[in-house]
Amino acid sequence: MKYGIIIHKKTANFGDDIQAYAVARLLPQVDYVLDREYLDSFGEKCSEPVAVVMAAWWLWQKWNWPPAENIIPLMTSMHINNDTIWHGASPITDEWTKGVGGEYLEAYGPLGARDLFSLNFFRERGYDAYFSGCVTLTLPRQKKTAEAGSYICLVDLDRQVEDKVQQLIMGTGLKIVKMSHNCKNSDIEDDWQARFKKVEEYLTLYQNARCVITRRLHVSLPCLAMEVPVLAIVDVQERGNANRWDAYGEW
């Protein structure tokens, strides 16, 4: 059997690469790298069967669903969120889950949902679905470094929060390491192995932090998996937060 991983090649969020990395480490090998937004045309590049874990945020270009016939999908850790429409994505809401697209979802169910919003999305449309959680929760602990416990990671926080943390750690000897999951097109590597090396660098930094403070879901969940103390500064009332965080607040 051949195996493939899904990458969002032009992502603006490094969390997409962390999810792809989490899938890759669960597979025997990676034979193919598939572009999340163009799975329908994958058969033009490859004719043999390829097993793919469908863990991703579906889908910006919804007219490109369903995937090619030679993809053998494991439908788990899936997220559905139409908020992408407000960021320039396809205006299609749920038409892609009907007709041939719906037949595909029916054929390869049950559907594993990453969050409760997605779970309800599938069930309300009559599909067999369950809460799978996020694939990043399978990430293992990373190696310890000489700097373990000497710093706090701040990831994509407002300046007000950063200043407050600086005040709170004054005199403790702890350092602050500021990081970001924002991706610029000019920084995105075409080589998936280079991208995954960056993932490992980030995860190692998180693993060795005294604690991590962030507003990012795919910082918080990997830290939970690696047993790193993490504080999520999240307003769940904001658009795009509630439907991604709904299952994890108590965690």
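Residues numbered from 1 in each chain as written. Predicted model: local features only at pLDDT ≥ 70, side-chain atom pairs only at ≥ 80, totals over all residues. Heavy atoms only, no water.

1. A closer look at the sheet that holds strand S5 (residues 71–74)
And then number 1: If you trace the 4 strands from one edge of the open sheet to the other, you get S2-S1-S3-S5, paired in parallel fashion. Where the open sheet ends on each side, the last strands, each with one partner, are strand S2 (32–35) and S5. For this sheet the average axis-to-axis angle between neighbouring strands, irrespective of direction, equals 35°.
And then number 2: Along the sheet, helix H1 (residues 15–24) makes contact with strand S1 (2–7) and strand S3 (50–53), crossing S1 at roughly 165°. (Pairing = 2+ DSSP bridges. Helix = DSSP H or I, 4+ residues; strand = E, 2+ residues; numbered from the N terminus. Axes fitted to C-alpha atoms, helices over the stretch in contact; angles between N-to-C directions. Contact = heavy atoms within 4.5 Å.)

2. A word on the sheet that holds strand S9 (residues 151–155)
And then number 1: One open sheet accounts for 4 strands, arranged S10-S9-S11-S12; its pairing is parallel. Across the chains shown, the open sheet's two edge strands, defined by having one partner strand only, are strand S10 (175–179) and strand S12 (230–232). Sheet twist, expressed as the average angle between the axes of neighbouring strands with direction ignored, equals 20°.
And then number 2: When S9 meets S10, the two strands line up parallel, connected through 5 bridges. Within S10, the residue paired with Ile 152 across the bridge is Ile 176.
And then number 3: Relative to the sheet, helix H5 (residues 192–207) contacts S9, S10 and strand S11 (211–214), its axis offset from that of S9 by approximately 130°.

3. With respect to H5
And then number 1: The terminal C-alpha atoms of H5 lie 22 Å apart, and with 16 residues this matches the ideal 22 Å at 1.5 Å per residue to within 8%.
And then number 2: Among the residues making up H5, those that are buried are Arg 195, Phe 196, Val 199, Tyr 202, Leu 203, Thr 204, Tyr 206 and Gln 207.
And then number 3: Those residues of H5 that are buried lie in contact with S1, H1, S9, S10, S11 and helix H6 (217–225).
And then number 4: Where H5 starts, the residue carrying a side-chain oxygen 3.0 Å from the main-chain nitrogen of Gln 193 turns out to be Asp 191. (Expected span 1.5 Å × (residues − 1). Buried < 20%, exposed > 50% of the residue type's maximum accessible area, 1.4 Å probe, protein only. Polar contact = N/O pair within 3.5 Å; in protein donor to acceptor, adjacent residues only side chain to side chain.)

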